[in-house]
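Fold and geometry: a report
So you can see what is in the structure, the chains are spelled out below.
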Amino acid sequence: MSLPPLVEPAAELTVDEVRRYSRHLIIPDVGMAGQKRLKNAKVLCVGAGGLGSPALMYLAAAGVGTLGIVEFDTVDESNLQRQIIHGHSDIGRSKAESARDSVKEINPYVEVILHEERLDNSNVMEIFSGYDLIVDGTDNFATRYLVNDAAVLLGKPYVWGSIYRFDGQASVFWAEHGPCYRCLYPEAPPPGMVPSCAEGGVLGVLCASIGSIQVTEAIKLLAGVGDPLVGRLMIYDALEMTYRQVKVRKDPNCAVCSENPTVTELIDYEAFCGVVSEEAQAAAAGSTITSKQLKAWQDENEDIFLVDVREPNEYEIVSIPGATLIPKGEFLMGTALELMPQDKKIVLHCKTGVRSAEVLAVLKAAGFSDAVHLGGGVVGWVNQIEPEKPIY
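Keep in mind the model is a prediction, meaning the values are calculated, not measured.

Along the chain, the regular secondary structure elements total 17 helices and 13 strands. Scaling as 2.2 N^0.38, a compact globule of 392 residues should have a C-alpha radius of gyration of about 21 Å, and the chain matches this with 24 Å. Each principal axis of the C-alpha distribution contributes one length, and for the chain these read about 80 × 50 × 40 Å. Burial status across the chain gives 51% buried among its 392 residues. By element, 51% of the accessible surface of the chain is carried by carbon and sulfur atoms, the whole surface being about 18000 Å². Here the chain carries 33 positive and 52 negative side-chain charges, and the mean point of each set is 6 Å from the other.

Considering the arrangement of structural elements, one finds Glu116 in the loop between β3 (111-115) and α6 (124-128). A residue is classified by how much of its surface remains accessible, and Glu116, at 43% relative accessible area, is partly exposed. On a C-alpha basis, the gap between Glu116 and Val378 in space is 29 Å, while along the polypeptide they are 262 residues apart. Setting aside residues up to four positions removed in sequence, Glu116 forms contacts with Glu71, Ser94, Ala96 and Glu97. Side chain to side chain, Glu116 and Ser94 meet in a polar contact 2.6 Å long.

A few words now on a nonpolar patch on the surface. Nonpolar side chains collect at one region of the surface, where Phe166, Leu203, Val205 and Leu239 lie side by side and expose about 370 Å² of accessible area between them. Judged by relative accessible area, Leu203 falls into the partly exposed class, the value being 34%.

What follows deals with a negative patch on the surface. Among the surface-exposed residues, Glu300, Glu302, Asp303 and Asp343 lie close enough to one another that they form a single negatively charged patch. Glu302 gets classed as partly exposed once you look at its relative accessible area, which sits at 42%.

Now for the sheet that holds strand β9 (residues 288-289). Pairing in this open sheet of five strands is parallel, and the strands run β9-β13-β12-β10-β11 from one edge to the other. What marks the edges here is a single partner per strand, and that holds for β9 and β11 (324-325). Against the sheet, helix α16 (residues 354-365) makes contact with β12 (345-349) and β13 (372-374), and its axis sits at roughly 150° relative to β12, the strand it touches most.

Each pair of packed helices can be described by the angle between their axes along with the distance between the axes. It is the contact of helix α13 (residues 291-299) with helix α17 (residues 377-384), at a shortest axis distance of 9 Å, that shows an interaxial angle of 75°. In terms of their interaxial angle, α13 and α17 are classed as roughly perpendicular. Contacts between α13 and α17 involve Ser291, Lys292, Leu294, Lys295 and Gln298 from the first element and Gly377, Gly380, Trp381 and Gln384 from the second. Broken down by class, the residue content of the contact of α13 with α17 amounts to two nonpolar, five polar and two charged.

Moving on, we get to the nonpolar core. Among the nonpolar cores identified, the biggest contains 43 residues, and Val43, Leu56, Leu59, Leu67, Val103, Ile210 and Leu222 are the most heavily contacted of them. With nine residues, the top contributor of residues to this core is helix α10 (residues 206-223). Leave out the neighbours within four places in its chain, and Leu222 touches Pro5, Leu6, Val7, Arg37, Leu38, Ala41, Val43, Val64 and Leu133. If you look at the next biggest cluster of nonpolar residues, it comprises 26 residues, including Leu44, Val70, Tyr158 and Tyr269.

Okay, the environment of Ala357 next. For Ala357, the location among the structural elements is in helix α16. Taking relative accessible area as the criterion, Ala357 reaches 4% and is therefore assigned buried. Ignoring any residue separated from it by four or fewer positions in sequence, one finds Ala357 in contact with Ala280 and His373.

Glancing now at the packing of aromatic side chains. Counted under the stated rule, the structure contains nine aromatic pairs. Pairing Tyr145 with Phe272 gives two aromatic rings, centres 5.0 Å apart and planes at 75°, and the pair type is edge-to-face. Of this pair, Tyr145 sits in helix α7 (residues 141-154) while Phe272 sits in helix α11 (residues 269-273), and the two are 127 residues apart along the sequence. On the accessibility criterion, Tyr145 (0% relative accessible area) is buried. By relative accessible area, Phe272 is classed as partly exposed at 29%. A connected cluster of aromatic rings, assembled from ring pairs, spans Tyr145, Tyr158, Trp160, Phe173, Tyr181, Tyr185 and Phe272. Sitting above the plane of the Phe141 ring, Arg144 keeps its charged end 5.1 Å from the centroid. If you follow Arg182 out to its NZ or CZ, it ends over the ring of Phe272, 4.8 Å from the centre.

Attention now moves to the side chain of Arg37. Position of Arg37 relative to the elements: it lies in helix α3 (residues 31-40). Setting aside chain neighbours within four positions, we find Arg37 in contact with Pro5, Val7, Glu8, Pro9, Ala10, Leu222 and Ala223.

This brings us to the pattern of salt bridges. Following the criterion strictly, the structure yields 13 salt bridges and no others. As a salt-bridge pair, Lys295 and Asp299 come within 2.9 Å of each other at their nearest N and O atoms. Note that Lys295 and Asp299 are positioned in helix α13 at a spacing of four residues, about one turn of the helix. Taking relative accessible area as the criterion, Lys295 reaches 28% and is therefore assigned partly exposed. Sharing partners across several salt bridges, the network here consists of Asp90, Arg93, Arg100 and Asp101.

Rules and cut-offs
- Residues numbered from 1 in each chain as written.
- Predicted model: local features only at pLDDT ≥ 70, side-chain atom pairs only at ≥ 80, totals over all residues.
- Heavy atoms only, no water.
- Helix = DSSP H or I, 4+ residues; strand = E, 2+ residues; numbered from the N terminus.
- Rg over C-alpha atoms; globule rule 2.2 N^0.38 Å.
- Buried < 20%, exposed > 50% of the residue type's maximum accessible area, 1.4 Å probe, protein only.
- Areas by Shrake-Rupley, 256 points an atom, 1.4 Å probe, with all protein chains shown as cover.
- Lys, Arg positive; Asp, Glu negative; His and termini not counted.
- Charge placed at Lys NZ, Arg CZ, Asp CG, Glu CD.
- Contact = heavy atoms within 4.5 Å.
- Polar contact = N/O pair within 3.5 Å; in protein donor to acceptor, adjacent residues only side chain to side chain.
- Patch = residues over 30% accessible without salt bridge, like charges linked within 9 Å, V, L, I, M, F, W, Y side chains within 5 Å.
- Salt bridge = Lys/Arg side-chain N within 4 Å of Asp/Glu carboxyl O.
- Pairing = 2+ DSSP bridges.
- Axes fitted to C-alpha atoms, helices over the stretch in contact; angles between N-to-C directions.
- Parallel < 35°, antiparallel > 145°, perpendicular 65-115°, else oblique.
- Nonpolar A, V, L, I, M, F, W, Y, C, P; charged D, E, K, R; others polar.
- Core = buried A, V, L, I, M, F, W, Y, C linked by side-chain atoms within 4.5 Å.
- Phe/Tyr/Trp six-rings, centres within 6.5 Å; stacked < 30°, edge-to-face > 60°.
- Lys NZ or Arg CZ within 6 Å of the ring centre and 35° of its normal.

The following block contains the structure:
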């Protein structure tokens, strides 16, 4: 579906800008008018991580006049495998400031506005209102639904992307002309069902593949060229090197973008998506131990059965001494229950405590009432007990 340009053109391009953007200017579909629209555009990038890195760099290179960056995190060494807007010397720095410096190095004509805060109900409407287009580079469901609902309520289009291991997805959501994110995903998946990139990993270059699609869509929307991904979901499989499309129709009963919406204001997105399920929260209550507790039990030769519920590749990176690897999926299928001893105290752990809490609920439902799990998981263990070990 062809859509009108999202922004009006700027008054002019300087001589230096004409030289810089000459390869755009000679494309008939972009030309002087399209480049002036890019110069006049204000685009907000939510996140300066895996997707935000290539998005910000190519938006800057393309000549988008104003770039906003919402980012509250700092650069960690584990980011550098995919977050190419940051460098080794940026470790420990604010991601927002690091991204701004890289953008200014790419294109000094771009104005950069930093929002060094966590996006939430208290600030999202004010921040979004100052921009023409949102590029969503978030990696958690609560923020994705927040971005979607705020964009719908403000009548803003946004370009969405998602990555995991070797797979990526991208689409454009604009309730005025098509479906929104809730039309595609009315409800968030059960907590712990979909691993994050921190738990499951992501091929670094996949960020560039999906991020470049997001920027392409942003340019098309701003300049009013081509056929944007409104009503279409692009699915990329890097292993098979295939792209396929799925049509996404507007849900007439959508909670936020239908004619009779039930969501007419921002909601509690943490509660909507859940950090862990109610069953897991109930199971973990009173059955959560600390790393120091676990270490004391080991030193005192307590008769425990320590179970690591992560995946084999995670176990290879770092593990707690004495742990037996039994992935979470085997508990969900029930096959791991017969491996659980009746005469030992079962102690579960994962990376941070979310997956182990879910498995703990399964065990308690199966009658293992004395089972416990390690709060903070292997990350907490390394921080408190074995700081010389790596954290992935």
